[in-house]
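# Inside the fold
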Amino acid sequence: MAIDPNFEENRELEGREHGVDVWGPTEPPEQLGIRGVHVAVDFDICLSDGACLEDCPVDVFEWVDTPGHPESEIKANPTHEEQCIDCMLCVDVCPVDAIDVDPGRTDRF
Ligand code: F3S
Ligand code: F3S
């Protein structure tokens, strides 16, 4: 299952963590929700492949520890999403479609 590109309508904003918005539902450590706005990562789908960190030309992503999550115990957090230049490489390379990037979704900065 891929990230829901309409998460802003379909999910509740629960707060912020690691410098980005958190969209629920969450139930840590097993359920962590979607993280970010312009560059959004579904932490419950991410399995720490790492291609997004390697390929992003402007280093938007940073690893964060997520001990106890069933898919992986580190996740790609879009910490520097405001630097994104919409190249879409991360969207293309993620093997599990955990990332959605929307150039129009910048209203929260
Ligand atoms: Fe980087 Fe993805 Fe934006 S690769 S530049 S975060 S579209
Ligand atoms: Fe995760 Fe996909 Fe990146 S699995 S680490 S969001 S390439």
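Notes on the structure follow. (Residues numbered from 1 in each chain as written. Chains lettered and ligands numbered in written order. Predicted model: local features only at pLDDT ≥ 70, side-chain atom pairs only at ≥ 80, totals over all residues. Heavy atoms only, no water.)

### Structural notes on the site of ligand 2
- Ligand 2 sits among 13 residues. The nearest are C46, L47, G50, C52 and C94.
- Using a 2 Å cut-off from the grid points, one finds that ligand 2 occupies the largest cavity. (Near = heavy atom within 4 Å. 1 Å grid on protein atoms, 1.4 Å probe; cavity = no way out; pocket = protein on both sides within 12 Å on 5 of 7 lines; lining within 4 Å. Sits in = over half its atoms within 2 Å of the grid points.)

### A closer look at the pairing of strand β4 (residues 39-42)
- Residues V39 and V41 point to one face of β4 and A40 and D42 to the other, with burial holding for every one of them.
- In sequence, strand β3 (residues 34-35) turns back onto β4 through a hairpin of three residues, with G36 there showing a positive phi of about 105 degrees.
- As paired strands, β4 and strand β7 (residues 99-101) are joined by three bridges and run antiparallel to one another. Bridging across to β7, V41 finds its partner in I99. (Buried < 20%, exposed > 50% of the residue type's maximum accessible area, 1.4 Å probe, protein only. Helix = DSSP H or I, 4+ residues; strand = E, 2+ residues; numbered from the N terminus. Pairing = 2+ DSSP bridges.)

### A look at unusual backbone geometry
- Between G24 and the following residue, P25, the backbone shows a cis peptide bond with an omega angle of 5 degrees.
- Along the chain, P25 falls in the loop between β2 (20-23) and β3.
- A cis amide bond links P28 to the next residue, P29, at an omega of 5 degrees.
- Along the chain, the position of P29 falls in the loop between β2 and β3.

### Here we look at the sheet that holds β7
- Ordered by their spatial adjacency, five strands build an open sheet running β1-β2-β3-β4-β7, and the pairing between neighbours is antiparallel. Because the sheet does not close on itself, it has two edges, and the strands there are β1 (13-17) and β7.

### Topic: the nonpolar core
- If you look at the biggest cluster of nonpolar residues, it comprises 18 residues, and the most contacted ones within it are V39, F61 and I99.
- The contacts of V39, once residues within four sequence positions are left out, are V60, F61, P78, E81, C84, I99, D100 and V101.
- Ranked by size, the runner-up nonpolar core spans six residues in total, among them I3, F7, I34 and A40. (Core = buried A, V, L, I, M, F, W, Y, C linked by side-chain atoms within 4.5 Å. Contact = heavy atoms within 4.5 Å.)

### Focus on empty space enclosed by the protein
- One pass over the full model with this rule turns up two cavities of 30 Å³ or more.
- In this model, the largest cavity occupies a volume close to 90 Å³.
- Lining the largest cavity are 14 residues, with C46, D49, G50, C52 and C94 sitting closest to its centre.
- Of the residues belonging to the lining of the largest cavity, the class tally is 11 nonpolar, two polar and one charged.
- Considering only enclosed or pocket space, the second largest cavity measures out at about 70 Å³ in volume.
- If you trace the second largest cavity, you find 13 residues lining it, with C56, P57, C84, C87 and C90 closest to the centre.
- Classifying every residue of the lining of the second largest cavity by side-chain character gives 12 nonpolar, no polar and one charged. (Points joined across faces, edges and corners; volume = space filled by probe spheres on them. Nonpolar A, V, L, I, M, F, W, Y, C, P; charged D, E, K, R; others polar.)

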